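For reference, the chains in residue letters:
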Amino acid sequence: MHLGVIGLGRMGRIVADRVVDSGHDVTAFDVSEDALADARDAGIGTADSIPTLADALGEEKRIWLMVPAGDPVDAALDELEPSLSEQDIVVDGGNSHFEDSTRRAESTAARYLDCGTSGGPAGAELGFSLMVGGPEGAYETMTPAFDAVATGPEGHDRMGPAGSGHYVKMVHNGVEYALMQAYGEGFELLHEGRYDLDLEAVARTWNNGAVIRSWLLELCEEAFREEGTDLGDVADHVAGGSTGTWTVQEALEQEVAVPLIYDALGERFDSRTRAKFSRRLANRLRYGFGRHEVARE
Ligand SMILES: NC(=O)C1=CN([C@@H]2O[C@H](COP(=O)(O)OP(=O)(O)OC[C@H]3O[C@@H](n4cnc5c(N)ncnc54)[C@H](O)[C@@H]3O)[C@@H](O)[C@H]2O)C=CC1
Ligand SMILES: O=C(CO)[C@H](O)[C@H](O)COP(=O)(O)O
């Protein structure tokens, strides 16, 4: 397969690297000259514009977008559109809103796959979990790329029609908010409670056989090891929030109660006005899985 990758940031560069490492060809583009130069230095083929990238892919273009959700996706698609036909397949691997993905799938000439991606930059070695929505034939055609980018054949699946991949990823992120909140509250009680505890040791013990062991808990262990049991100067400020907001909005529309996700989202908003230990841990965990910048005091 010859894959075009648009967006070579924290996630897109991993997509390109994994596809190349699996023996496929990649031609990549990013608006950032630095990102392009880094990719070239690593032996990845690059193009100096989106139309040039499209030309390099010839007939039956296979293109993976990994740019920030919203306007950048529409901007990249607008530039691609004159080169696209129904022989071509475009994958959006970012965190787009599922309704945007449905709209794009209807308006593009290409076959469109919305692909929720989980694992974060820290998951580069293991591979990602991919939740794909869109036409079955396009999903099957892209299987070699999905095998390469995911943990393997078990790490991706077609969720359903257009929009369903990003819908499942949106709910995944809602769950992520609630789990972070639950770990944060537990560690806050241990931190403020009656024993003088080493929280790294607690997390490590829990990670070895406990019911609540998980990758997020391993990232808690890492955070306490690297920042100290009181999280050092990690600020009580949690950024992000869009994917959790979408989850809550959809839950309201479907009249499904999601009180834990709702509360976790509220805590995140509240963090921007008051200081709390659980939020400081959430702030540090987002670096752990997403390499999002840690806000510090
Ligand atoms: N960082 C994470 O943990 C995860 C991120 N995602 C999603 O993946 C997408 C990419 O995220 P990151 O790689 O973290 O972002 P990033 O900010 O590290 O990289 C985005 C890249 O896209 C480039 N770009 C922006 N507009 C462009 C355009 N029109 N044409 C070409 N390149 C363009 C930027 O120059 C940058 O290099 C986002 O939708 C994000 O929400 C999904 C799962 C995990
Ligand atoms: O999708 C992700 C992890 O699964 C990304 O890290 C995303 O940026 C996190 O979402 P938010 O910014 O709403 O915290």
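Parameters at a glance
- Residues numbered from 1 in each chain as written.
- Chains lettered and ligands numbered in written order.
- Predicted model: local features only at pLDDT ≥ 70, side-chain atom pairs only at ≥ 80, totals over all residues.
- Heavy atoms only, no water.
- UniProt positions renumbered as here; feature names shortened; annotations may be inferred.
- Buried < 20%, exposed > 50% of the residue type's maximum accessible area, 1.4 Å probe, protein only.
- Helix = DSSP H or I, 4+ residues; strand = E, 2+ residues; numbered from the N terminus.
- Pairing = 2+ DSSP bridges.
- Right-handed = clockwise from strand over helix to strand, strands pointing away.
- Near = heavy atom within 4 Å.
- Polar contact = N/O pair within 3.5 Å; in protein donor to acceptor, adjacent residues only side chain to side chain.
- Areas by Shrake-Rupley, 256 points an atom, 1.4 Å probe, with all protein chains shown as cover.
- Contact = heavy atoms within 4.5 Å.
- Axes fitted to C-alpha atoms, helices over the stretch in contact; angles between N-to-C directions.
- Domains from an automatic or database assignment.
- Buried area = accessible area lost by both parts, 1.4 Å probe.
- Salt bridge = Lys/Arg side-chain N within 4 Å of Asp/Glu carboxyl O.
- Nonpolar A, V, L, I, M, F, W, Y, C, P; charged D, E, K, R; others polar.

Per an unreviewed UniProt entry, the protein is named 6-phosphogluconate dehydrogenase, NAD(+)-dependent, decarboxylating, and its organism is Halosegnis rubeus. The Catalytic activity (unreviewed entry) comment attached to the protein in UniProt states, word for word, "6-phospho-D-gluconate + NAD(+) = D-ribulose 5-phosphate + CO2 + NADH". Recorded in UniProt for the protein, the comment headed Function (unreviewed entry) runs: "Catalyzes the oxidative decarboxylation of 6-phosphogluconate to ribulose 5-phosphate and CO(2), with concomitant reduction of NAD to NADH."

(A) Structural detail: the pairing of strand E4 (residues 62–65). Of the two faces of E4, the one holding Arg62 and Trp64 and the one holding Ile63 and Leu65 are both buried throughout. Pairing geometry for strand E1 (residues 2–6) and E4, over 4 bridges, is parallel. Each residue of the ladder has a partner; that of isoleucine 6, found in E4, is leucine 65. Pairing geometry for E4 and strand E5 (residues 89–92), over 4 bridges, is parallel. Its bridge partner being in E5, leucine 65 is matched across the sheet by aspartate 92. Since E4 and E5 lie parallel, the crossover through helix H4 (residues 71–80) that links them has a hand, and here it is right-handed.

(B) Structural context of the site of ligand 2. Lining the immediate surroundings of ligand 2 are 14 residues, of which Lys169, Glu176, Tyr177, Arg268 and His292 lie closest. Taking asparagine 95, its side chain carries an N or O atom lying 2.8 Å from an oxygen atom of ligand 2. Contacts to ligand 2 include tyrosine 177, whose side-chain N or O atom sits 2.5 Å from an oxygen atom. Look at ligand 2: alone it shows 370 Å² of surface, and the protein chains cover 85% of it. Elements with a contribution of two residues or more to the shell around ligand 2: helix H8 (164–192), helix H11 (242–254) and helix H13 (277–290).

(C) Geometry of the sheet that holds E5. Strands sit in the order E3-E2-E1-E4-E5-E6-E7-E8 across an open sheet of 8 strands; the sheet is mixed. Strands with a single pairing partner mark the edges of an open sheet, and in this sheet they are strand E3 (45–46) and strand E8 (156–160). Bridge count for E5 against strand E6 (residues 111–118) is 4 bridges, and the pairing is parallel. Paired with isoleucine 89 across the strands is arginine 111, a residue of E6. Strands in contact with helix H1 (residues 12–21) are E1, strand E2 (25–29) and E4; relative to E1, the strand with the most contacts, it is inclined by about 165°.

(D) Structural detail: the domain arrangement of the protein. What the domain assignment reports for the protein is domain 1 (2–161) and domain 2 (169–290). Here domain 1 and domain 2 have C-alpha centroids that lie 30 Å from each other. Listed as interface residues are 13 residues of domain 1 and, on the opposing side, 11 residues of domain 2. Broken down residue by residue, the surface that domain 1 buries against domain 2 is led by Asn95, His97 and Phe98, which jointly contribute 42%. The interface formed by domain 1 and domain 2 includes 0 salt bridges. Taken together, the links from domain 1 to domain 2 amount to 3 residue pairs in polar contact (both at pLDDT 80 or more). The element best represented in the side of domain 1 that touches domain 2 is E6, accounting for 3 residues.

(E) A look at the UniProt feature "active site" (unreviewed entry) in the protein. Annotation from UniProt places "active site" (unreviewed entry) at Lys169 and Glu176. If you trace the backbone, lysine 169 turns up in helix H8. Here lysine 169 falls in the buried class, since its relative accessible area comes to 5%. For lysine 169, the residues in contact, after removing those within four places along its chain, are Asn95, Gly116, Thr117, Ser118 and Met131. Note that glutamate 176 resides in helix H8. When residues no more than four places from it in sequence are discounted, the contact partners of glutamate 176 are Leu216 and Phe289.

(F) How the structure looks around the site of ligand 1. In the vicinity of ligand 1 lie 22 residues, with Arg10, Met11, Asp30, Asn95 and Thr117 positioned nearest. A distance of 3.5 Å separates an oxygen atom of ligand 1 from a polar backbone atom of alanine 69. Here asparagine 95 contributes a backbone N or O atom positioned 2.9 Å from an oxygen atom of ligand 1. Relative to its free-state accessible area of 840 Å², ligand 1 is covered by the protein chains to the extent of 81%. Among the residues making up the shell around ligand 1, the classes are represented as 11 nonpolar, 9 polar and 2 charged.

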